[in-house]
Amino acid sequence: MDCRTARHLLEFSRPCASELDDHDQDALHGHLAVCPDCDSTARAEREADQHLGQAVRDVPIPQGLRERLMRRLREEREAWYRRWLARGVRVVAAVAAVVLIAWFGLSSWRKHNLPRLDPDQLTKVALERHQYAPPDRDEAEAWFRKNGHRVATPDDFNYSFLFSFHLGEFLDKKVPCLLFVRTDDEGRQSQVAWVYILSKEQFDLKALEDKFESPSGSHFKSQVWHPQPEFAYVIVYSGDRLDDMLVSKKDRPRS
Amino acid sequence: MGMPGSQRTVERLVEEHYVGLYRYAYRLTGSEADAEDLTQETFCKAQMNLSQLRATDRAKNWLFTILRNAYLHRVRTEKQQPRSLDLVGDVPDVLPEPLPDVDPDQLQQALAELPEVYRTPILLYYFEEFSYRDIAEQMDLPIGTVMSRLARAKGWLRSRLLGPDAATLGPRPRRATDGL
């Protein structure tokens with residue numbers, strides 16, 4: 001190594017924080033060991049650095065500095081949390097205020113924006129909700145079976161008059177019931193008939209005659225049919241005669 | 001700014017670095033009150049930005065960078081323009097034997113007269129023994145520039161503090177940093 005390189009490397013050779021790798025450091029030390037000029041320069045540099053470094057580092061630390069720093073940091077930390085809490089409260093309050101204002105606004109808007117009623121629309125909507133499709137005999141029997149009642153609906157009735165079916169109260173029991181409504185040519189109701197279907201599982205039917213008609217009636221009349229051992233039919237109807245609700249034997253859908 | 005960092009971590013940083021930071025701050029400002037204020041500001045900023053410290057072994061570098069930035073901010077706020085180093089003399093070739101004692105007031109005066117861009121590297125070099133790479137990183141400068149400034153700052157301090165003879169001895173020596 002020549003002196004020029006050694007002087008160059010001296011810039012990077014510091015006692016406490018050498019910037020040289022091991023190879024260059026060794027080479028530099030080797031050169032300094034045999035070159036009095038460079039060695040002298042290196043020593044002078046080092047001594048000057050140490051001398052000035054010591055002077056620069058010689059700064060007295062004020063009494064209680066550490067404690068004051070810790071206290072200030074604690075205060076800053078506490079202040080931050082106080083600000084954070086205050087900000088959180090403000091945010092919550094702001095959100096609550098916005099929600100409240102929105103709620104009042106919406107309520108007020110709704111109050112002043114109630115739907116206006118249009119008679120045509122009202123009748124249309126009302127009729128749409130009450131559309132009626134007359135049931136048929138099979139549908140009625142299937143519904144009774146589904147609700148736990150074995151039934152045989154009477155063959156004699158004209159089922160085009162069947163209006164509805166349900167389970168009706170009869171002698172404290174729920175029994176299948178058919179409602180027939182007959183209308184005249186102008187669509188006005190002219191006769192109604194309820195048919196209660198009593199089964200031998202629910203009643204003792206043995207004493208019943210095949211057909212019985214009540215001798216009198218005020219507004220309604222009544223008949224009891226017992227065409228087969230399993231079922232009897234109690235018929236309550238308006239009008240003088242039931243025949244208009246019935247079908248002739250040749251038109252019966254079932255035998 | 002996020003939430004404060006862990007109290008234990010911050011306290012450990014204070015324990016380990018407050019002396020070095022205070023000395024650095026004192027040498028930068030030349031005033032005990034300013035140095036303490038700057039040190040406090042540094043730790044407060046560190047506490048609120050602890051999440052930015054990726055590796056704990058870089059804590060010292062990080063804290064010194066914060067302190068320097070805080071100092072520069074104050075200097076700019078106070079509209080103190082950095083001076084050029086035209087006044088800095090050449091590095092003396094031969095130093096007196098034995099080296100004279102350094103007067104503390106003279107040292108601080110000499111440091112105060114150094115523009116900050118020279119003062120910072122010389123302070124970091126002398127009493128915190130940062131590597132050239134660390135100094136370059138803190139100052140956001142190329143290493144060559146740092147070494148050049150260090151050489152000139154050293155020459156300035158030696159010429160001012162190590163006796164009048166030292167500054168005038170012989171011609172300007174050939175320095176490794178010449179031309180950087």
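Keep in mind it's a predicted model, so treat the numbers as computed, not measured.

Reading the values: the criteria
Residues numbered from 1 in each chain as written. Chains lettered and ligands numbered in written order. Predicted model: local features only at pLDDT ≥ 70, side-chain atom pairs only at ≥ 80, totals over all residues. Helix = DSSP H or I, 4+ residues; strand = E, 2+ residues; numbered from the N terminus. Buried ≥ 20, exposed ≤ 12 C-beta atoms within 10 Å, placed from the backbone. Pairing = 2+ DSSP bridges. Contact = placed C-beta atoms within 7 Å. pLDDT = per-residue confidence, 0-100. Nonpolar A, V, L, I, M, F, W, Y, C, P; charged D, E, K, R; others polar. Axes fitted to C-alpha atoms, helices over the stretch in contact; angles between N-to-C directions. Arc of directions from axis to C-beta. Parallel < 35°, antiparallel > 145°, perpendicular 65-115°, else oblique. Left-handed = near helix turned anticlockwise from the far one by under 90°.

**Student:** In this structure, what is going on with the overall build of chain B? I would like to understand it.
**Tutor:** Across its full length, chain B carries 8 helices and 0 strands. Listing every helix and strand of chain B by position from the N terminus yields α-α-α-α-α-α-α-α. Within chain B, the fraction of its 180 residues that count as buried is 42%.

**Student:** Could you clarify how one ought to interpret the pairing of strand 3 (residues 189–199) of chain A in this entry?
**Tutor:** On any regular strand, side chains alternate: one points to one face of the sheet, the next to the other face. Residue and element names in this part refer to chain A. The pairing of strand 2 (residues 173–183) with strand 3 spans 7 bridges and is classified as antiparallel. Pairing of Leu-179 across the sheet is with Trp-194, part of strand 3. Between strand 2 and the antiparallel strand that follows it, strand 3, lie 5 residues; Gly-187 among them carries a positive phi value of about 85°. Pairing geometry for strand 3 and strand 6 (residues 231–238), over 7 bridges, is antiparallel. Pairing of Ala-193 across the sheet is with Tyr-237, part of strand 6.

**Student:** Explanation requested: the environment of A:Tyr159 in the structure shown.
**Tutor:** Residues and elements named next belong to chain A. Along the chain, the position of Tyr-159 falls in the loop between helix 6 (137–146) and strand 1 (162–170). The class for Tyr-159 is partly exposed, based on 18 C-beta atoms found within 10 Å. Residues Tyr-159 and Met-245, 86 residues apart in the sequence, show an inter-C-alpha distance of 8.5 Å. Every residue in contact with Tyr-159, bar those within four places of it in the chain, is listed here: Asp-136 and Arg-137.

**Student:** Just to check I follow, could you spell out the pairing of strand 2 of chain A for this structure?
**Tutor:** Residues and elements named next belong to chain A. Inspection of the sheet shows strand 1 paired to strand 2 by 8 bridges, in the antiparallel sense. When the sheet's bridge partners are listed, Phe-165 is paired in strand 2 with Leu-178. Linking strand 1 back to strand 2 in an antiparallel pair, the connection comprises 2 residues, with Leu-171 at a positive phi of about 50°.

**Student:** Hey, could you run me through the confidence of the model for chain B in this one?
**Tutor:** Low pLDDT marks stretches whose predicted atomic positions should not be read closely. All names here are of chain B. Residue-level pLDDT values for chain B average 77, and 74% of them are 70 or greater. Looking over chain B, one finds the lowest element-wise mean pLDDT in helix 8 (residues 164–168), namely 44, and the highest in helix 2 (residues 32–48), namely 91. Overall, residues 165–180 carries pLDDT values under 50, and its contacts beyond four positions in sequence, including any with other chains, amount to 33 contacts. In the predicted complex, the global pTM is 0.57; the interface-specific ipTM is 0.74.

**Student:** Please explain the environment of B:Ile143 as it appears in this structure.
**Tutor:** Residue and element names in this part refer to chain B. Looking at where Ile-143 falls in the secondary structure, it is placed in helix 7 (residues 143–161). For the pair Ile-143 and Tyr-132, spaced 11 residues apart in sequence, the C-alpha separation works out to 6.2 Å. When residues no more than four places from it in sequence are discounted, the contact partners of Ile-143 are Tyr-132, Arg-133 and Ala-136.

**Student:** Is there a simple way to explain the interface of chain B and chain A in this structure?
**Tutor:** Listed per partner, the contact involves 36 residues of chain B and 28 residues of chain A. Residue assignment for the side of chain B that touches chain A shows that the elements contributing at least two residues are helix 1 (7–29), helix 2, helix 4 (104–113), helix 5 (116–127) and helix 7 of chain B. Per-element accounting of the side of chain B that touches chain A gives the leading share, 10 residues, to helix 1 of chain B. Taken together, the residues of the side of chain B that touches chain A sort by class into 23 nonpolar, 6 polar and 7 charged.

**Student:** Any chance you could explain unusual backbone geometry here in plain terms?
**Tutor:** What is expected of a backbone is that most residues other than glycine have negative phi and most peptide bonds are trans. Even without glycine at this site, A:Asp172 takes up a positive phi of about 65°. For B:Asp140, which is not glycine, the phi dihedral falls at a positive 55°. Here B:Asp140 lies in the loop between helix 6 (132–139) and helix 7.

**Student:** I keep staring at the sheet that holds strand 2 of chain A and nothing clicks. Help me out?
**Tutor:** One key point about sheets: their strands pair by backbone hydrogen bonds, in either a parallel or an antiparallel sense. Residue and element names in this part refer to chain A. Strand order in the open sheet made by the 6 strands is 1-2-3-6-5-4, with antiparallel pairing throughout. Two strands bound the open sheet, and with one partner strand each, they are strand 1 and strand 4 (211–213). The average undirected angle you get between the axes of adjacent strands in this sheet is 20°.

**Student:** Is there a simple way to think about the environment of A:Leu10 in this case?
**Tutor:** All names here are of chain A. Within the fold, Leu-10 resides in helix 1 (residues 3–10). Its 19 C-beta neighbours within 10 Å are what place Leu-10 among the partly exposed residues. For the pair Leu-10 and His-29, spaced 19 residues apart in the sequence, the C-alpha separation amounts to 9.9 Å. Leu-10 has contacts with Ala-42 and Glu-45, leaving out every residue within four places of it along the chain.

**Student:** Would you take a moment to explain helix 1 of chain A for this structure?
**Tutor:** Side chains that are three or four residues apart share a direction in an α-helix, a result of its 3.6 residues per turn. Residues and elements named next belong to chain A. When helix 1 is considered as a whole, its buried residues turn out to be Ala-6, Arg-7 and Leu-9. Buried residues in helix 1, looked at end-on, bunch into an arc of 165°, giving them a common side. In this fold, the buried residues of helix 1 make contact with helix 2 (22–34) and helix 3 (36–57).

**Student:** Sorry, what's going on with the packing of helix 4 (residues 65–112) of chain A against helix 1 of chain B here?
**Tutor:** For any two helices packed against each other, one specifies the inter-axial angle together with the distance between the axes. Viewed as axis vectors pointing N to C, helix 4 of chain A and helix 1 of chain B meet at an angle of 140°, and their least axial separation amounts to 10 Å. Between helix 4 of chain A and helix 1 of chain B, the interaxial angle falls into the category oblique. Between helix 4 of chain A and helix 1 of chain B the crossing geometry is right-handed. Residue-level contacts link A:Leu65, A:Arg66, A:Leu69, A:Met70, A:Leu73 and A:Arg77 of helix 4 of chain A to B:Gln7, B:Val10, B:Glu11, B:Val14, B:Tyr18 and B:Tyr22 of helix 1 of chain B.

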